[in-house]
Every structure is written in structure tokens, then in C-alpha cells.
Amino acid sequence: MSPHWQAARTTPRFLVPYSFGLMAREPIHQANNARGKELSPPPPDQAQADQAQNFAAGDIDPATVPADEEDEARLPDAEAADDSNEAPAEGRLAVGHAAIENAVRLAPTSPGVYRMLNAANDVLYVGKAKNVRKRLSSYARASAPLPARILRMIAATVSVEIVSTATETEALLLEANLIKQLRPRFNVQLRDDKSFPYILITGDHWAPQILKHRGAQTRPGQYFGPFASAGAVNRTITALQRAFLIRSCTDAFFESRTRPCLLYQIKRCAGPCTREIDFPGYTELVREAKDFLSGRSQAVKQLLAAEMEKASAELEFETAALYRDRLAALSAIQSQQGINPRTVQEADVFAIHQEGGYSCVEVFFFRTGQNWGNRAYFPKAEKSFTPEEVLASFLTQFYDDKPPPKLILLSHAIEESELMASALSIKAGFKVEVTTPLRGEKKELITHALTNAREALGRKLADTATQNRLLSGLVVTLGLPQPPRRIEVYDNSHIQGTNAVGAMIVAGPDGFVKNQYRKFNIKSEGLTPGDDYAMMREVLQRRFKRLLAAATADETAGPRAQAKAEDDGVPQWPDLVIIDGGRGQLNAAKEIFDTLGLSQVALLAVAKGPDRDAGRETLFMPDREAIKLEPRDPVLYFIQRLRDEAHRFVIGSHRKLRKKDIREAGLQEIPGIGPSRKRALLHHFGTLKEIERASIADLGRVPGVSAESARKIFEFFHTQPG
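All values derive from a computational prediction rather than experimental measurement.

K.L.:
Can you help me understand the sheet that holds strand β11 (residues 407–410) in this one?
P.N.:
Through backbone hydrogen bonds, the strands of a sheet pair up, either in parallel or in antiparallel fashion. What the five strands build is an open sheet, ordered β10-β9-β8-β11-β12; its pairing is mixed. The strands lining the two open edges of the sheet, one partner per strand, are β10 (370–377) and β12 (433–435). Ignoring which end each strand starts from, the neighbouring axes of this sheet average 15° apart. The sheet contacts of helix α15 (residues 387–398) involve β8 (347–355), β9 (358–367), β10 and β11, and relative to β8 the element is tilted by about 140°.

What follows is the structure, given as C-alpha cells:
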């Protein structure tokens, strides 16, 4: 950390405090003594606490935050004042303008940070400027056209405090630090901010240990990260143990062993504690692990493949199998990382998406050419903030206590990118580039992050509204007699009629009821391959015939059996059935319902919008005109989520059937893949399962596999079922 940054964060001796306003001003030494109290976050008022309690339930984003020790990322509390576009009363504005004008007269023309305070001495806003007097003057002009948010801030202001800095860069760093500490109402606020985990391979023992690490990096050893979550680190460490057999036990446990532990037995540790491996051999394993985490993964995999081939040639098949398993573990790590860039070695990628008055910033971490995870953030910001403004403020706060990489990629061009790069360069001690790519692989990374931001915010908006409210919304939208207690959603999947499977998911007042999900292997012999209508008819007929039979049996058995059928609190009969499709699918379902005499169950079909665009779906119900909802309608988000969950479940069921067939057939079924290429693929990846998981880029790196062959192999395993 540079001396300038340290000074800006702790004791800014070079800073000169000012305090102006209509209130009685304290002497300078008293103001300095009170500064420690001012820098603690102000307690939320009762309205904010109530809002936080109302939004506490259902705010989980399972796609970006693991279920272990991580706190869930949350949407910001929705304050009533944030939604108001009305300008404040003239009298209150006059008081605010007078306070700011009083500050302007004595404000410096040098760089600095200013704080606007209300009558209770709470900080309303923290800002920085190259020329503080000029910036405050823009607030003081009564005739200036300003947004309603700024006018409300001015109206609440009764005093202004100023801290002068030597440069604008120092002002930017100090502004970020103060915003994170004070959480001013009118600033963008980074929420759910915490340190990121690293992988540490220790350097203070003859047999280094691999472990997850947070906090100050004071222990000797080599650190790799940051990773987006503890879950990502844990998964990577588990795979590294399988690949390199490095111990994860504590030094005390290590020293107390007289025989190898269970990890040695399951081939996740080389057993250095009882000298099952000698010092040179264990040192070589540690070196390979460090090489892999440092980006030299290809060299490590080539070495293991060569050793596997050598052991096989010498008829040492157990040793060859060990190398094969290690290769498979390395491939598993890279497949879990998803997208791995070819030209970007070290970068953080930030993409912002705004919708429904909220913002989501998706952050991806790339180190040593590997994707080390992503996470979604939901900063608190009023609706009037543009994406560029939210992103710029988010960045300064994000790196306030984190080391930046050499490259930062943004989805939106921020106004002061050069100043931001300069400030982060001072903090890091090396040159940091902040850019908004327009083409190439860097642009592809941004596009990928934007997709994740949009999906994360969509999930969050759906989760934030309570389930009962959404069910009540269905009543109004669909004209139901009462909120449904059980919703069943159906979808089917196949590839040109092969491995056809149907699926049903269930949702109720408490969300998804996963223990009642069902799949249906399509059995009709006379079914035309690819006939989606016939598949849907078969699934519904089997499901509701079984329900009718069960209902008849329950009536015969009496009320005790009926009570047992609903022990889990969810009725067995649905109130609403949703199917993925348009009017044709609806008619196929209605035909089955009419045949079985089912009139008490509501039917809904959800047709995708043009170009399969989410938010433009059309809803169909029997004997009604088509229903089109607004893209931001919470009920539409809810229906989309139900539909997407059914799609996820049925695709997973289909792929299990398809992979079973693929494993039985092997690689011989792929056109153009002969024995030589099959051998090269198995040498590179270790197992068929890891070949299935590989990306096109990874497949193309195998010797003898061209780009076209890689595409064919990938499409063979990943063709999207219908």
C-alpha cells in the first residue's frame, strides 16, 4: 500500500477540515475530536428498519452465493423517499441553498471532499471535486435545473463540511472510504461487501498444506485468488487434492499421525505424515499444484499424460490409473470454472443491469487465464442514477479494501475512468487499466457478465416479492377463484424424438416443493418422433388418471387416508396447471382434461416471445383472449420462474438418459473420430465424463483435434434438446 493511500485511509495529516452552515459552528479542534464519532455508520431510522424487516425474506440469489458461510446478497431496502419525483417545498430549498452558499464563500478552489449534513448532523451526501468551490456553487444556484433527488438533498442540508486533499486522486480514494463508513442516504452504497477467499499453499512446513484463507496475508506461503465465494474455493481445493494429493490437515494433526488418515485411503492425500511419500516426491507434487494455479495448467497436464502413457507401456496399470484420475480432476477444475479466456490473464469484469428501479453489478474474477468465480451485487441507489454513475461509485467502494488487478473491464464507460485508473494504480503499486471493450474476447467477457447480471436481477426481483403476494397476483391476472395452493408445471424434452421425457415440477405457498417433482419416460409406441402435443397428452393423461384412481381409493378408505395424502401440507390435486407452449399445447391439454372430466383445475399455457425474448411472453387460457403482461410485472417474473424451473428439471432428466446412451456407445458414434483421436482425447482428459464437460476451446487444444472436430465433439454431447 502506498504512503498516499495509507494517509488517505487513516490519518490524513495533509487534509484541512472546514465546516460551514447555518448551525453554530464548532471550533476546529472540537470538530476534529468529534470526527471519530462522525465516521461510524449512523443508525438506521425506524422506517428503514421496518423496510429491512419486510424485505428480509426470500432475498436469496442461489446462482451467485453458496449456501455455506456466505451471507446472501440482498436487494436494497425500498425507501418511499426514493420513489418520489416531487420537488421539495420552496422554503426548505431556500434554507438548503443558504447553507451551501455560506460554504461556497470560504470553500477552497483545490481538490477535496465535501459532506452535506442535515439538522441531526447525519451525513446526507459525500462528494469529491477537483475544485470544491466550483462544485458547491453548482448546488447553490437556485435557478439551476437539477434532478428531484438533488433538490431533496439540498432541501435537507443545513451544513457542509469540507476536507481538502493534495490531489483529485486522493479525493477519490477518501470519498470512497467515507461513503463505505458513513453510508450517506443520497450516495450509491455498496452492500454485502466482504473480503474474498484465497487458496493458500503454506510455506512454513516441510510438507506444505493447502487451505482456504481470508483476511491479512501474513502466513508464509503462496496465495492464489481472489475467488468469488467460499464454495468456489472449497470445490477447487477438493479437486486439487485429487489431482496433486496435497494435505489439507493442520500441522498439529499432521505431527500426531502414526498411520495414514482416510484422505490417503480415498486417494486425496499422498500421506507425507507417515512418509508414504518421500520429501522430493511431495515437493514435486506441490510444485505441480503451484504451476497449475499459476496458469501453467497445460504443461502440467501434458506431464501427467506422458507419465500415464509411460506407466501403461510398462504394464503398471495401477499407476497409470492414478495418473488418469489426476488428469480427470484437473479437467474437472477447468470445467467448473466455465469460460476461460485465451488472451486475458488477469482481470476483473464488471457488468451492470438496471431493471424495476434496482441495479445489479455482476463481477467476474480472472487470474492466470482462469475463471475463479463470479458474484452478483445489488448496490443501493435511487432510480435517477444512471448505470454509469452507479458503476463508477461501486468501483471506488469495491476496491477500497481490495487489491485491484492489472486490467478492469467495464460494461459501461464511466466518466472518470482515467482518474479511477490513476487512483487504483497508486493503491496497487503498479499500472491499472480501466477500459470498456468494444470488440474481441474482452467484449465477449462483458457480454457474458451482462447476461449473468440480467438473470441475477430477474431472480432477485422474483424472490423479493413474497410468495403469497405473487399467488394473489395470479388470482387477479388469470381470474382464478382463489390463490392456488398447488401449481404444477409441465414440460417435455427430446432430440428428434429420441430419449423423450416429460417432467412436472410443483410450487406452493412456500415455494418449490422439490420432493414432489416427477419425470415421465415417454412410452407410447405409436408416437410420431418429435410430436410435442402427443407427448404432452401422454404425460397429462398418466398423471391425472393416477390422481383420479388415488382419489377413488381414498374415498373408499375414508378420511384417514385422505389426511395422510396431504401430510406435507401441499394438496395432491393442483389448482393451476401451467404448460410450456402456445395455443396448440393448451388445446392438447384441454382435450385430456375434457376426456377425464376435470373442470376444477385451471389451465395456462406460456408461449415464448419473439426471438424467445424473456419478458414478452404471451399467456393463453381456455375460452379467453391472449394475455400480455408488462415486462416488469412481478406476476410475469413469477410465471417465468416457474416455467424455467420446469425447463431446467426436464433438461436434466433428458440429459441423464442421453448420457447413459452416450456412455454405452462411447466415442465411436461421433462422425470423424477414429481410434487415434479417441486415444488423444482420453490421454488429454483422462475419462469420457471429462470429455463431455470440456468446452470447444479445451477440445481444440488436444493434439490432432482440429477446430471443426472439436465443434463436432462438443455438439455431440451438448446438442440442446427440444
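K.L.:
Please explain the nonpolar core as it appears in this structure.
P.N.:
Within soluble globular proteins, side chains that are nonpolar tend to cluster in buried spots. Counting residues in each nonpolar core, the largest one holds 36 residues, and the members touching the most others are Ile-199 and Phe-244. If you list the elements that add at least two residues to this core, you get β5 (198–202), α9 (230–244), α12 (279–293), α13 (297–313) and α14 (317–336). Judged by nonpolar contacts, the second largest core, of 31 residues, contains Ile-487, Leu-604, Met-621 and Val-635.

K.L.:
Hey, could you run me through the packing of aromatic side chains in this one?
P.N.:
For any pair of aromatic rings, the description rests on two quantities: the centre-to-centre distance and the angle between the ring planes. In this structure the tally under the stated criterion is 18 aromatic pairs. Relative to Phe-254, the ring of Trp-206 lies with its centre 5.9 Å away and its plane at 70°, an arrangement referred to as edge-to-face. In this pair, Trp-206 is assigned in the loop between β5 and β6 (210–213) and Phe-254 in helix α10 (residues 251–256), connecting sequence segments 48 residues apart. Judged by relative accessible area, which is 29%, Trp-206 ranks as partly exposed. Residue classification places Phe-254 among the buried residues on the basis of a relative accessible area of 3%. Pairing Phe-544 with Phe-593 gives two aromatic rings, centres 5.0 Å apart and planes at 70°, and the pair type is edge-to-face. Of this pair, Phe-544 sits in helix α19 (residues 532–557) while Phe-593 sits in helix α21 (residues 583–596), and the two are 49 residues apart along the sequence. We classify Phe-544 as buried; its relative accessible area is 0%.

K.L.:
Teacher, can you tell me more about the sheet that holds strand β7 (residues 221–224) here?
P.N.:
The strand order across the open sheet formed by three strands is β6-β5-β7, and the pairing between neighbours is antiparallel. Each edge of the open sheet is held by one strand with a lone partner, namely β6 and β7. The sheet shows a mean angle of 30° between the axes of neighbouring strands, taken without regard to direction. As paired elements, β5 and β7 share four bridges and run antiparallel to each other. Within β7, the residue paired with Ile-199 across the bridge is Phe-224. Packed onto the sheet, α9 meets β5 and β6 and runs at close to 175° relative to β6. In the packing of α12 onto the sheet, the strands contacted are β5 and β7, and the crossing angle to β5 comes to about 155°.

K.L.:
For this particular structure, what's the right way to read the pattern of salt bridges?
P.N.:
Any two side chains of opposite charge can pair, on the condition that their charged atoms come close. All told, the structure shown has 22 salt bridges when counted by the stated rule. Of the charged contacts, one joins Glu-168 and Lys-128 as a salt bridge, the two residues approaching to 3.6 Å between their closest N and O atoms. Placement of Glu-168 in helix α8 (residues 168–182) and of Lys-128 in strand β3 (residues 123–129) is noted, with a sequence separation of 40 residues between them. No difference in accessibility class separates Glu-168 from Lys-128, as the two residues are buried. Salt-bridge contacts for Glu-617 lead to Arg-643; the nearest nitrogen and oxygen are separated by 3.1 Å. Placement of the pair is Glu-617 in the loop between β18 (602–607) and β19 (618–620) and Arg-643 in helix α22 (residues 634–665), with a sequence separation of 26 residues. The structure contains a network of salt bridges with shared partners spanning Asp-204, Arg-219, Arg-247 and Asp-251.

K.L.:
Help me understand the environment of Leu-391, please; the structure alone is not making it clear to me.
P.N.:
Here Leu-391 shows up in helix α15. Between the C-alpha atoms of Leu-391 and Phe-350, which are 41 residues apart in sequence, the distance is 8.2 Å.

K.L.:
Even after reading the chapter, I still don't get the side chain of Glu-288, so can you show me in this structure?
P.N.:
Mapped onto the secondary structure, Glu-288 falls in helix α12. If near-sequence neighbours (up to four positions away) are discounted, Glu-288 is found in contact with Phe-244, Val-300, Leu-303, Leu-304 and Arg-326.

K.L.:
What am I meant to see in α9 here?
P.N.:
Working note: α-helix, 3.6 residues per turn, so residues spaced by three or four point in the same direction. Compared with an ideal rise of 1.5 Å per residue, which puts 15 residues at 21 Å, α9 spans 20 Å between its outermost C-alpha atoms and is within 8% of the ideal. In terms of burial, α9 is largely enclosed, as 11 of its 15 residues are buried. Along α9, the residues classified as buried are Ala-230, Gly-231, Ala-232, Val-233, Thr-236, Ile-237, Ala-239, Leu-240, Gln-241, Ala-243 and Phe-244. Count one or two residues on from α9 and you reach Leu-245, which has phi positive near 60°.

K.L.:
For this particular structure, what's the right way to read the packing of α8 against helix α16 (residues 417–428)?
P.N.:
Each pair of packed helices can be summarised by the angle the axes make with each other and by the distance between the axes. Where α8 meets α16, the axes come as close as 9 Å, and the angle between the chain directions of the two elements is 80°. Our classification of the angle between α8 and α16 gives roughly perpendicular. On α16, the residues that touch Glu-168, Thr-169, Leu-172 and Leu-173 of α8 are Leu-419, Met-420, Ser-422, Ala-423 and Ile-426. Of the residues that constitute the contact of α8 with α16, the class distribution is six nonpolar, two polar and one charged.

K.L.:
Before we go on, may I ask you to explain the packing of α8 against α15 in this structure?
P.N.:
The N-to-C vectors of α8 and α15 enclose an angle of 85°; their axes lie 8 Å apart at closest approach. Put simply, α8 runs roughly perpendicular to α15. Here α8 contributes Leu-172, Ala-176, Ile-179 and Lys-180 to the contact with α15, which in turn contributes Ser-393, Thr-396 and Gln-397. Within the contact of α8 with α15, the residues separate by chemical class into three nonpolar, three polar and one charged.

Cut-off values and rules
- Residues numbered from 1 in each chain as written.
- Predicted model: local features only at pLDDT ≥ 70, side-chain atom pairs only at ≥ 80, totals over all residues.
- Heavy atoms only, no water.
- Pairing = 2+ DSSP bridges.
- Helix = DSSP H or I, 4+ residues; strand = E, 2+ residues; numbered from the N terminus.
- Axes fitted to C-alpha atoms, helices over the stretch in contact; angles between N-to-C directions.
- Contact = heavy atoms within 4.5 Å.
- Core = buried A, V, L, I, M, F, W, Y, C linked by side-chain atoms within 4.5 Å.
- Buried < 20%, exposed > 50% of the residue type's maximum accessible area, 1.4 Å probe, protein only.
- Phe/Tyr/Trp six-rings, centres within 6.5 Å; stacked < 30°, edge-to-face > 60°.
- Salt bridge = Lys/Arg side-chain N within 4 Å of Asp/Glu carboxyl O.
- Expected span 1.5 Å × (residues − 1).
- Parallel < 35°, antiparallel > 145°, perpendicular 65-115°, else oblique.
- Nonpolar A, V, L, I, M, F, W, Y, C, P; charged D, E, K, R; others polar.

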